[in-house]
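# Reading the structure
Listed here are the chains, written in short residue letters.
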Amino acid sequence: MDILETARNVISTEIDALISMNKRLDQRFEKAVEIVEQSRGRVVVVGMGKSGIVGHKISATLASTGTPSFFVHPGEAFHGDLGMIRPMDVALLISNSGETEEVIRLLSFLEYQQNAVIAMTGNLDSTLARHADTVLDISVSREACSNNLAPTSSTTATLVMGDALAVTLSSLKNFQPEDFARFHPGGNLGRRLLTRVRDVMHNRSLPVCSPEATFREVVHVMTEGRLGVALIMSGPSLRGIITDGDVRRTLERNDNPLALLASEVMTSNPKTINENERFAVAEEHMNQNKINALVVANDEGIVTGILQIYDLQRSNR
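For the structure given in this document, a descriptive report is provided here. (Residues numbered from 1 in each chain as written. Predicted model: local features only at pLDDT ≥ 70, side-chain atom pairs only at ≥ 80, totals over all residues. Heavy atoms only, no water.)

## Focus: the overall build of the chain
Put simply, the rule is: Helix numbering and strand numbering both begin at the N terminus, where a helix is a DSSP run of H or I of at least 4 residues and a strand a DSSP run of E of at least 2. Our radius of gyration looks at C-alpha atoms and nothing else; its globule reference is 2.2 Å times the residue count to the power 0.38. Relative accessibility thresholds used throughout: buried, under 20% of the residue-type maximum; exposed, over 50%; partly exposed, between the two (1.4 Å probe, protein chains only). By definition, residues are in contact when any of their heavy atoms lie within 4.5 Å.
Helices and strands together make up the secondary structure of the chain, namely 16 helices and twelve strands. Its C-alpha atoms give the chain a radius of gyration of 29 Å, clearly above 20 Å, the size a compact globule of 317 residues would have. Referenced to the eigenvectors of the C-alpha coordinate spread, the extents of the chain come out at roughly 85 × 50 × 35 Å. Expressed as a percentage of its 317 residues, the buried residues of the chain come to 44%. Sequence-distant contacts, at least 24 apart, represent 64% of the contacts inside the chain between residues at least 6 apart.

## Side note on the sheet that holds strand β12 (residues 303–308)
The condition is simple: DSSP calls a pair of strands paired once it identifies at least 2 bridges connecting them. Under this scheme, a helix contributes an axis fitted over its contacting stretch, all axes are lines through C-alpha atoms, and angles between N-to-C directions fall in the 0 to 180 degree range.
Spatial ordering of the open sheet is given by β10-β11-β12, a layout of three strands whose pairing is mixed. With one partner strand each, in any of the chains shown, β10 (272–274) and β12 form the two edges of the open sheet. With strand direction ignored, the average angle separating the axes of adjacent strands in the sheet is 35°. Where helix α15 (residues 279–289) meets the sheet, its contacts fall on β10, β11 (293–297) and β12, and the angle it forms with β11 comes to roughly 135°.

## Quick notes on the nonpolar core
General note: in soluble globular proteins, nonpolar side chains tend to be found buried as a group. Put simply, the test is: Nonpolar core, defined: a set of buried Ala, Val, Leu, Ile, Met, Phe, Trp, Tyr and Cys residues in which side-chain atoms within 4.5 Å join the residues together.
Core analysis: the largest hydrophobic core is formed by 24 residues, its most contacted members being Leu-92, Ile-118, Met-120, Leu-136 and Leu-165. Going through the elements one at a time, α2 (27–38), β1 (43–47), α3 (50–64), β3 (90–94), β4 (116–121) and α8 (153–172) are the ones with two or more residues in this core. Leave out the neighbours within four places in its chain, and Leu-92 touches Val-43, Val-44, Val-45, Val-46, Ile-58, Ile-118, Met-120 and Leu-165. Residues Leu-82, Ile-104, Leu-110 and Ala-132 belong to the second largest nonpolar core, which totals 20 residues.

## A short note on α8
Selection criterion: Here the expected span of a helix is defined as 1.5 Å times the quantity of residues minus one.
Here α8 is 20 residues long and its end C-alpha atoms lie 29 Å apart, about the 28 Å a rise of 1.5 Å per residue gives. Buried residues along α8 sit in contact with α1 (3–24), α2, α3, β3, β4 and β5 (134–137). Once α8 finishes, Asn-174 follows within two positions and takes phi at roughly 55°, a positive value.

## Structural notes on unusual backbone geometry
With a phi close to 60°, Arg-226 is a non-glycine residue in the positive phi region. Since its relative accessible area comes to 75%, Arg-226 is described here as exposed. You will see that Asn-269, though not glycine, has its phi angle at about 50°, which is positive. Looking at Asn-269, the relative accessible area reads 71%, which means it is exposed.

## So, the sheet that holds strand β2 (residues 69–72)
Ordered in space as β2-β1-β3-β4-β5, the five strands form an open sheet in which the pairing is parallel. Both outer strands of the open sheet, β2 and β5, are each paired with one neighbouring strand and no more. Each neighbouring strand pair of the sheet contributes to a mean axis angle of 20°, computed without reference to strand direction. One ladder, built from four bridges, connects β4 with β5; its direction is parallel. By the bridge assignment for β5, Ile-118 is matched with Thr-134.

## Digging into the pattern of salt bridges
Quick reminder of the rule: For salt bridges, the criterion is a side-chain nitrogen of Lys or Arg within 4 Å of an Asp or Glu carboxyl oxygen.
For the structure shown, the criterion picks out six salt bridges. Asp-26 is the partner of Arg-28 in a salt bridge, and the nearest nitrogen-oxygen pair spans 3.0 Å. Among the residues examined, Asp-26 registers a relative accessible area of 26% and is labelled partly exposed. Salt-bridge contacts for Arg-249 lead to Asp-246; the nearest nitrogen and oxygen are separated by 2.8 Å. Of this pair, Arg-249 and Asp-246 both sit in helix α13 (residues 244–253), three residues apart, roughly one helical turn.

## So, the side chain of Ser-170
Structurally, Ser-170 can be placed in helix α8. Beyond its immediate stretch of four places on either side in the chain, Ser-170 contacts Thr-65 and Phe-175.

## Focus: the pairing of β11
In terms of burial, β11 is a largely internal element, five of the five residues being buried. Burial along β11 is two-sided: Ala-293, Val-295 and Ala-297 and Leu-294 and Val-296, pointing in opposite directions, are all buried. Bridge count between β10 and β11: three bridges; the pairing is parallel. Bridged to Asn-274 within β11 is Ala-297. From the end of β11 to the start of β12, which pair antiparallel, there are five residues, and Gly-301 there has a positive phi angle of about 85°.

As C-alpha cells, then:
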C-alpha cells in the first residue's frame, strides 16, 4: 500500500466533489440566501450523525459572521427542544440521503408553524427535498472512503456549502472586522481585533533627539530609552527616526561616525500609524513593510508613542 498515494487520492476525490458542486450552484442557492436575509428569526440547523457534527460547525459559522443561528439535535427535538424553534425561524435541515428519519419527522411540525425550510441534501428526489422551500445540492459522485461508504466527500461538501451560505450572508450584511471582534472577544483573535494601537504603544519618556544632536547623543538617548529607536523631532514635528539598524550601518560605513549629526543618520519620513487604528492593521503594516517599529500619532498628526514588533508578539500570547 502506497500511503501517500492513498492520501492524495482521498484529497483529489474531495476536491473533485467540490468542483462539481461549485458548477451546480444556481438560483436555488440564491433563494436560500434570500430566505435567510428576509427572515426576522434565526437559522435553526438540524442534522443527525456526521451531518449533525458538520451542522454544529455551520451554525457556529453563521452566528459568528452575523447571522443568528443555533443547532438542534433532531433526536432531542421531540423531547422538548421543539420549543426552541419559533415560527419566524428558518430551518436548515441537513441529510445527505434526504430520508433521515429523525430529520424527516420534523417536517410536519415546521409545516404547522409555517417555518421556511432549506434542505441541504445529496438526493434531490428525496422526501426532504420535496418538502423544502429550496434545496442546496451537496451530492457527490463517490465518497473518498475506499469502500465508498464512510461520509467523507459528502461531509466536506456539506461543510463547504455551509461556509458559502454563511460568508455570502455576511458579505450582504457588510459584516466588518469590528463586528467579528464583538463576537470573538476572547483569545488571540479577539485581542487582535479589539485592541487598538494606543492600548499597546509606548508613550512615556519617549527617546527624542533634535536633528542637531550628535551621534553620541543619539546612541545615549536610544540606550536610555530601551526601545531601540530614537525619534528625531523639531518641536512637535517628526523629522525622522533612527533605529538600531541605522546605528549599525552608520558604524560600518563611516570612519568617523561620532562626527555625524542625527539629521545625517536618520531615516526621513518614517512609517506612522494612527493611535486609534486596530492592532491587527498595525501588525499587518509592520509585517508587509518588514519594519520593527512604527511611530504612533493622533488625529492631529502629533506623535504620541512608539509601537514595536515585540509589543505585537507580546500581545499575541
